[in-house]
Amino acid sequence: MKAIKIVGGISISQNDKFDKRIERDCFGKLDIPKNALYGIQTLRTVKNLSFSGQLLKNFPEYIVSLAMVKKAAASANLEAGILAPSIGTAIVNACDQLIQGDYQDHFIVDILHGGGGIGTNMNVNEVLANLANESLEVALGSYTPVHPIEHVNASQSTSDVCHTSIRLAIVRCFERLDHELTKMHDTMEKKSQEFIEITTISRTCLQDAMRVQLGEVFSGYASVLKRRHHSLKVSIKSLLTVNLGATVIGNGVGAPEKYKKVVIGKLREVTNMNVELRDNLFDAAQNIDDLANMSKQLSLLATSLIKVAKDLRLLSSGPEAGFSEINLPSVQAGSSFFPGKVNPVVPETMIQSCFQVLGCDRVVQAALEHGELDLNVFEGMAGANILNGLTMLTNSAHSFTERCLKDITSNEERCRELSNTFIPVITELKERLGYSAVSKLMIEHDRESIKKLLE
């Protein structure tokens, strides 16, 4: 019976020489699955640097963005005469296959590995080299005529490739959240208009306060969503300023001038995005405050959504012993103990999602804080956590809008009852008689007496 070993989700037979190929580097040799598009550098990253279980193949936006950067680089190298036409064209065609979403299972490195993203870059280089060679009818793992570093990585470094790619991935990933936030805001605006004629009670310090229209309360929710959405979009736009062509530390060593002159233009063509070159490329290598700022804006949105979701839980509490001013749609049983109990599970899911986003942001801020000297090697971890936060918030935002906000109803009778309790009434009396006069009245009479005076 064959002994089977699992590496990066792909089985390797240890006994059958026809199921594997052998690749060598300066550290020795490794068995690679025969049909794997990745190679020895990828497998070393898997063996040496894996810890999180978050594999590159689970981040399709990042893979596509990496392929777009590689395509732009190959096109620039072709125009600059750095790559032979046959090799450059084979690489471009291989990039197109990844951009279409093919072969994602071959991206097996842990996305949070150390080494400044070298494993991610080499995983892409090896896959593209093998795809290019395969199109030229050359066996996988031969790396000739197309070599992962000499050709696929020509004029580039891990630093500028991953720096650029992770930002493009974030911009692309944000498109879905952008759509969901627009829907959420529009839904909240509709509820604000729907509830504008319903008078209820406001609360400060969790104590009774003055009368308020329920629609006015919801207008506050809509407004904070709109503001946070706008700030997030502004921070996203800043990520379109990248450092492709700057190579490792910003001086562009290893990238010919002809390449550097055209590569950003090629990237615009490939991505259809208005990407620009950073003003100071040394700054780009050293500092990731643009990622940190975008992550902070995402965390501010999450914090605001926590407040909104918590308010909805309170306003719907009850049904008999709570506020019970609004009714949330029932989506599933709320208890295995209390028959008929329905809990605010969708707002609670939103809250937990936002907690996770706040955790992701803390990692991003730590990555900024712990950058050293000429290159922030933790940039990939920052980018991955932003992608995680965006994905979680996108999914929970969709559920929050579709399964909660759209079908919220008001409990008008309960709102009317609360708006006519003592504090709102006495507040209105203050407007007629003045604060001091009403204070004196409250000292001299009990609540029931004052209510009778007001009738």
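For the structure, check the block above.
The structure presented is a predicted model; accordingly, all values stated were derived computationally and were not measured.

*Asks:* So what exactly am I meant to see when it comes to the environment of Gly334 here?
*Replies:* Position of Gly334 relative to the elements: it lies in the loop between strand S9 (326-327) and helix H11 (345-369). Linking Gly334 and Cys162, residues 172 residues apart in sequence, is a C-alpha distance of 45 Å. Apart from the residues lying within four places of it in its own chain, the contact partners of Gly334 are Lys341, Val342 and Asn343.

*Asks:* Please clarify how the packing of aromatic side chains should be interpreted in this entry.
*Replies:* Centre distance and the angle of the planes are the two values used to describe a pair of aromatic rings. A complete count under the given rule lists 3 aromatic pairs for this structure. Measuring from centroid to centroid gives 5.2 Å for Phe195 and Phe218, while their planes differ by 75°, and the two rings are edge-to-face. Of the two residues, Phe195 is situated in the loop between helix H6 (158-194) and strand S5 (199-204) and Phe218 in helix H7 (residues 214-237); the sequence distance between them amounts to 23 residues. There is no split in this pair, since Phe195 and Phe218 are both buried. The interplanar angle of 70° and the centroid separation of 5.4 Å between the aromatic rings of Phe218 and Tyr221 together place this pair among those described as edge-to-face. Residue Phe218 and its partner Tyr221 are both found in helix H7; the two are separated by 3 residues, about one turn of the helix.

*Asks:* Would you mind going over the nonpolar core with me for this structure?
*Replies:* In globular proteins that are soluble, nonpolar side chains generally tend to be buried together. If you look at the biggest cluster of nonpolar residues, it comprises 113 residues, and the most contacted ones within it are Tyr62, Ile170, Leu312 and Phe400. The dominant element in this core, judged by the number of residues it contributes, is H6, at 13 residues. Excluding residues that lie within four positions of it along the chain, Leu312 makes contacts with Phe218, Tyr221, Ile326, Leu328, Phe400, Cys404, Leu405 and Ile408. If you look at the next biggest cluster of nonpolar residues, it comprises 6 residues, including Ile426, Leu429, Leu441 and Ile450.

*Asks:* Is there a simple way to explain the pairing of S5 in this structure?
*Replies:* Each regular strand displays side chains that alternate between the two surfaces of the sheet. With 5 bridges connecting them, S5 and strand S6 (residues 207-213) associate as antiparallel partners. By the bridge assignment for S6, Thr199 is matched with Gln213. Linking S5 back to S6 in an antiparallel pair, the connection comprises 2 residues, with Cys205 at a positive phi of about 55°.

Here is what the cut-offs are and how they apply
- Residues numbered from 1 in each chain as written.
- Predicted model: local features only at pLDDT ≥ 70, side-chain atom pairs only at ≥ 80, totals over all residues.
- Heavy atoms only, no water.
- Helix = DSSP H or I, 4+ residues; strand = E, 2+ residues; numbered from the N terminus.
- Contact = heavy atoms within 4.5 Å.
- Phe/Tyr/Trp six-rings, centres within 6.5 Å; stacked < 30°, edge-to-face > 60°.
- Buried < 20%, exposed > 50% of the residue type's maximum accessible area, 1.4 Å probe, protein only.
- Core = buried A, V, L, I, M, F, W, Y, C linked by side-chain atoms within 4.5 Å.
- Pairing = 2+ DSSP bridges.

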